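Survey of secondary and tertiary structure
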Amino acid sequence: MQSNRVIVVGGGAAGCMAAGTAAENCAEVLLLEKNEKLCRKVMITGKGRCNVTNAVEDVQTLISHVPGNGRFLYSAFSAFLPQDTMDFFTDYGVPLKVERGNRVFPQSDRAADIADALVRFLDDTGVHRAHERVTEVLIKDGRAVGVKTASGKTLKADCVIVTTGGLSYPQTGSTGDGYAFAKAAGHTVTPLRPSLSALCCREGFCSDCAGLSLRNVAIHVKDTKTKKEIYRDFGEMLFTHFGVSGPMILSASAHMRQMEPARYTITIDLKPALSAEQLDARILRDFNENHNKAISNTLPLLLPHALIPVVLRLSGIKPSEKVNQITREMRTRLLETVKGLPLTVLDFYDIRQAIVTAGGVSTKEVNPKTMESKLVKGLYFAGEVLDVDAYTGGFNLQIAFSTGRLAGLSAATETIESEP
């Protein structure tokens, strides 16, 4: 029986997994990547450490961490779980470790080790590779039959797998090519937006505090339209010249599914380990020990220096006010501000700087059991090009590996009808 000829467009996490899997299952595979090197985005994930997956044990838990069309991934996740991902990289000589929140990293803390393992997978399975930019997926009589490249080549195939990523970090090659291929094939591409993104905020004090990193603080995110809290977290965040960023903020952004100016607010508890009563007692103790000082000279015991004028202004207290002149009402306002510093979200930051692109090829038009297009035979999609996105913590790379694995297997084993 003749092997299926499979072309994979895009050499990132999903593309490498799809190509190697197809070749492993006896397909003749050509992987086309417009960058000179493969896995460019993998190299920068996890701040260069690569949070390769999340060590949850079951499909339902995985799906619960994918707010963007998680149910669509049931078959892909079932066929290739995080433990399978971990086994894969361990077998390819990359020892792994599990950190807080079940996040999985290479023991070396080097993303390059993950990228190198994927390249070894391609080599071991006999995947052919070429440095080519694809400009068009060729379709004939409702079936993908190959691709055209920027160098003018026409390359024939029985199946084409599109794994071109999203729009985030375009310097890694994610420039939206796959969306154009999908639209040309008649697919719906849902609105694209950043996810796991920094946030632009209305409050001017963010730029005043730019560069200030907060640790061990808590945030509460509210949707002002529904009046509901949509997210809460504890950990680290960072003020920037445009708003806020950092691990908690990136996670929070994934819950802001209907972004519009001022729809979402963030309240920062700067002292979450203390109850209001405990914080009041702490403030009183500091005041009693410094009762003749200006309040601005007392608060460094409680707050980062850059936040002191911000908290005092929001509390309606002059920085020069003597501690012994602070009334109970003023102290209450101070306490409330420390426990609830307010931010108003205006928008996501630049999608080109987001970790993940939300939106993409509509999952309604893709078979979840194979990753094949429902509109064009032999055309498959995997990874970030699909309208699926997950929270931070290794879940998005797991999506890439699971969907890539399923697409590669399906393309390799698809029954291709011979032309008469």
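Going by the structure above, here's the rest.
Computed from a predicted structure; not experimentally measured. (Residues numbered from 1 in each chain as written. Predicted model: local features only at pLDDT ≥ 70, side-chain atom pairs only at ≥ 80, totals over all residues. Heavy atoms only, no water.)

**Examining the overall build of the protein**
Each helix and strand in the protein was counted, giving 12 helices and 19 strands. With respect to the principal axes defined by its C-alpha atoms, the protein has extents near 95 × 40 × 40 Å. By residue count, 54% of the 420 residues in the protein fall in the buried class. In the protein, of all internal contacts separated by at least 6 residues, the share reaching a separation of at least 24 is 71%. For the protein, the distance from the average position of its 48 positive side-chain charges to the average position of its 45 negative side-chain charges is 6 Å. (Helix = DSSP H or I, 4+ residues; strand = E, 2+ residues; numbered from the N terminus. Buried < 20%, exposed > 50% of the residue type's maximum accessible area, 1.4 Å probe, protein only. Contact = heavy atoms within 4.5 Å. Lys, Arg positive; Asp, Glu negative; His and termini not counted. Charge placed at Lys NZ, Arg CZ, Asp CG, Glu CD.)

**Considering the sheet that holds strand β2 (residues 28-33)**
For sheets, the rule is that strands pair by backbone hydrogen bonds, running either parallel or antiparallel. If you walk across this open sheet you meet the five strands as β6-β2-β1-β10-β19, and the pairing is parallel. At either margin of the open sheet sits one strand with a lone partner, and together these are β6 (128-131) and β19 (379-381). Here the strands of the sheet are splayed against their neighbours by 20 degrees on average, with no regard to which way each runs. Judged from the five bridges that link them, strand β1 (residues 5-9) and β2 form a sheet pairing that is parallel. (Pairing = 2+ DSSP bridges. Axes fitted to C-alpha atoms, helices over the stretch in contact; angles between N-to-C directions.)

**A closer look at the sheet that holds strand β9 (residues 154-156)**
Here three strands make up an open sheet; going across it, the order is β7-β8-β9 and the pairing antiparallel. The open sheet has two edge strands with one neighbour each: β7 (134-140) and β9. The average angle at which neighbouring strand axes cross in this sheet is 30 degrees, direction not considered. As defined by bridge partners, β7 adjoins strand β8 (residues 143-149) across six bridges and the pair is classed as antiparallel.

**Side note on the packing of helix α10 (residues 308-315) against helix α11 (residues 328-339)**
Axis separation between α10 and α11 bottoms out at 9 Å; the angle between their running directions is 125 degrees. The angle between α10 and α11 falls in the class oblique. In this structure, α10 meets α11 at a crossing whose hand is right-handed. Here α10 contributes V311, L314 and S315 to the contact with α11, which in turn contributes R333, L334, T337 and V338. Taken together, the residues of the contact of α10 with α11 break down into four nonpolar, two polar and one charged. (Parallel < 35°, antiparallel > 145°, perpendicular 65-115°, else oblique. Left-handed = near helix turned anticlockwise from the far one by under 90°. Nonpolar A, V, L, I, M, F, W, Y, C, P; charged D, E, K, R; others polar.)

**Some details on the pattern of salt bridges**
Applying the stated criterion to the full structure yields 22 salt bridges. Measuring nitrogen to oxygen at the nearest pair gives 2.9 Å for the salt bridge that ties K34 to D177. Of this pair, K34 sits in the loop between β2 and β3 (53-54) while D177 sits in helix α6 (residues 177-184), and the two are 143 residues apart along the sequence. With a relative accessible area of 25%, K34 lands in the partly exposed category. A relative accessible area of 21% places D177 in the partly exposed class. Connected through shared salt-bridge partners, R49, K97, E99 and D109 make up one network. (Salt bridge = Lys/Arg side-chain N within 4 Å of Asp/Glu carboxyl O.)

**Thoughts on the pairing of strand β5 (residues 103-106)**
Here β3 runs beside β5; their pairing, made up of two bridges, is antiparallel. Note on β5: the bridge partner recorded for T53 is V104. Across four bridges, the pairing between strand β4 (residues 96-99) and β5 is antiparallel. The partner of V98 across the bridge, within β5, is V104.

**Notes on the nonpolar core**
Formed by 81 residues in total, the largest nonpolar core has its most connected members in V29, F89, V160, L379, F381, L386 and F401. With sequence-adjacent residues up to four places away left out, F401 is seen in contact with A13, M17, V52, F80, T85, F89 and L118. Core analysis: the next-biggest nonpolar cluster, separate from the first, contains 46 residues, I219, I268, V310 and L312 among them. (Core = buried A, V, L, I, M, F, W, Y, C linked by side-chain atoms within 4.5 Å.)

**Focus on the side chain of S402**
By the secondary structure assignment, S402 is in helix α12 (residues 395-413). Classification of S402 by relative accessible area gives buried; the value is 1%. Each residue touching S402, except ones within four places of it in the same chain, is listed here: A76, F77 and F80.

**Observations regarding the pairing of strand β13 (residues 213-223)**
The side chains of a regular strand alternate between the sheet's two faces. Pairing geometry for β13 and strand β14 (residues 228-239), over nine bridges, is antiparallel. Of the residues in β14, the one forming a bridge with A218 is F234. Between the end of β13 and the start of β14, which pair antiparallel, lie four residues, with K227 showing a positive phi angle near 65 degrees. Here β13 runs beside strand β16 (residues 264-269); their pairing, made up of six bridges, is antiparallel. Note that in β16 the partner of D223 across the bridge is Y264.

**Structural notes on α6**
What α6 keeps buried is the set G178, Y179, F181 and A182. Angular distribution of buried residues about the axis of α6 spans 160 degrees; they occupy a single face of the element. Within α6, the exposed residues directed more than 90 degrees away from the buried face are K183 and A184. In this structure, the buried residues of α6 make contact with β1, β7, β10 (159-162), β18 (356-358) and β19. Backbone geometry just downstream of α6 places G186 in the positive-phi region, at approximately 95 degrees. (Arc of directions from axis to C-beta.)

**Here we look at the packing of aromatic side chains**
To describe a pair of aromatic rings, you give the distance between the ring centres and the angle between the ring planes. Counted under the stated rule, the structure contains seven aromatic pairs. Here the aromatic residues F88, F89, Y92, F121 and F401 are joined through ring pairs into a cluster of three or more. Over the ring of F105 we find R49, and its NZ or CZ is 3.9 Å from the ring centre. (Phe/Tyr/Trp six-rings, centres within 6.5 Å; stacked < 30°, edge-to-face > 60°. Lys NZ or Arg CZ within 6 Å of the ring centre and 35° of its normal.)

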